[in-house]
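Understanding the architecture of this molecule
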Amino acid sequence: KIALSRTEEDIQNIIDEIIDRYGVMPEEVNNLLEIARNFHNDCVNNYNIKMSLQAALNIVYMKVVDDTYTDYLRDVNTILNLKQKLPQYNFELADGLTYDNNAIDVFVYLKENIVGGIQILPENIKKQNQKNPKIKTETEQKHDLFEMVYGIKPQIIYASSSGFIKGQLPEF
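We now turn to the structure provided with this report. Being a predicted model, the structure only gives us computed values, none of them experimental.

**What about the overall build of the protein?**
Looking only at helices and strands, one finds 6 helices and 5 strands in the protein. Walking the protein from its N terminus toward its C terminus, one meets helices and strands in the order α-α-α-α-β-α-β-β-α-β-β. Scored against the burial criterion, the 172 residues of the protein give a buried share of 37%. Taking as baseline every contact in the protein between residues at least 6 positions apart, the subset at least 24 positions apart corresponds to 55%. Element-wise, carbon and sulfur atoms account for 50% of the exposed surface of the protein, whose accessible area totals about 10700 Å².

**Remarks on the pairing of strand β1 (residues 90–93)**
Side-chain alternation along β1 places Phe91 and Leu93 on a buried face and Asn90 and Glu92 on a face that remains uncovered. Relative to strand β2 (residues 106–110), β1 runs antiparallel, the two sharing 4 bridges. Each residue of the ladder has a partner; that of Asn90, found in β2, is Tyr109.

**Some thoughts on the packing of aromatic side chains**
All chains considered together, the criterion is met by 4 aromatic pairs. Centre to centre, the rings of Phe107 and Phe146 are 5.9 Å apart; their planes meet at 35 degrees, and the pair counts as tilted. Here Phe146 lies in helix α6 (residues 138–150) and Phe107 lies in strand β2, a separation of 39 residues in the sequence. Residues Phe146 and Tyr150 carry aromatic rings whose centres are separated by 4.6 Å and whose planes lie at 40 degrees to one another, so their mutual orientation is tilted. You can see Phe146 and its partner Tyr150 sitting in helix α6, 4 residues apart, about one turn around the helix. For Phe146, a relative accessible area of 0% puts it in the buried group. One aromatic cluster is present, built from ring pairs that chain together Phe107, Phe146 and Tyr150.

**Re the nonpolar core**
Membership of the largest hydrophobic core comes to 19 residues, with the highest contact counts inside it found for Met51, Leu82, Phe91 and Ile118. Counting residues per element, the ones that place at least two in this core are α3 (53–65), α4 (69–85), β1, β2, β3 (113–122) and β4 (155–159). Per-element accounting of this core gives the leading share, 3 residues, to α4. Apart from the residues within four sequence positions on either side, Ile118 is in contact with Leu82, Ile104, Asp105, Val106, Val108, Gln155, Ile157, Pro170 and Phe172.

**Digging into the pairing of β2**
Taking burial as the measure, the 5 residues of β2 include 4 buried ones, the bulk of the element. Taken together, the 5 bridges between β2 and β3 define a ladder with antiparallel strand orientation. Across the sheet, residue Leu110 finds its bridge partner in β3, namely Asn113. Here β2 folds back onto β3, and the loop between the two strands holds 2 residues, one of which, Lys111, carries a positive phi near 60 degrees.

What counts as what
Along each chain, numbering runs from 1 in the same order as the chain's sequence is written. Totals for whole chains, interfaces and linings use every residue, but because this is a predicted model, local features are given only for residues with pLDDT of at least 70 and side-chain atom pairs only at 80 or more, for both listing and counting. The side-chain numbers reported here are obtained from all heavy atoms of the structure, hydrogens and water having been left aside. Where helices and strands are cited, they refer to DSSP runs of H or I of at least four residues and of E of at least two residues respectively, numbered from the N terminus. For each residue, the accessible area found with a 1.4 Å probe, counting protein chains only, is set against the maximum for its type, and the residue is called buried under 20%, exposed over 50%, and partly exposed in between. Any two residues whose heavy atoms approach within 4.5 Å are treated as being in contact. Note on areas: Shrake-Rupley, 1.4 Å probe, and residue coverage restricted to the protein chains presented here. Strand pairing is defined by DSSP finding a minimum of two bridges between the two strands. Two aromatic rings from Phe, Tyr or Trp, using only the six-membered ring of Trp, form a pair when their centres are within 6.5 Å; if the ring planes differ by under 30 degrees the pair is stacked, by over 60 it is edge-to-face, and anything between is tilted. Throughout, nonpolar core names a set of buried Ala, Val, Leu, Ile, Met, Phe, Trp, Tyr and Cys residues whose side chains join them through atoms within 4.5 Å.

This is the structure we're talking about:
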């Protein structure tokens, strides 16, 4: 439930439910929530990165239990890099559900309109040759869905963990 939370109110409701059901909340859970809140507030307030509380919780959770954390850090660093190079656009880190459905890491906005979607891959990933070019990969199918919904073809960029973009900047 924590990972599905989108607002501070959602988090507080879960905390209340945990306390009602189990008594005092373990310090480790409290620490996890506090770190996620701080990370979220830092990204939103200090770096002007649009990010749901759910995305922040996922990042913190992944740092604790999974190597996927480096993917999130690469995404955040890439957004910071893109914001410097393309200041006319706003960038929003996609939540896990959006990524699962569309293989999109970042939404790109011009004013309030979505003008792009970006999938960020590690710089050292090389595109594998497909045995049958007529068969689309799962990622290509997800990108097709994104294009059907938003009318925009997603772009793939390659970046280092520090957010340095290899190759051309995306164009919107």
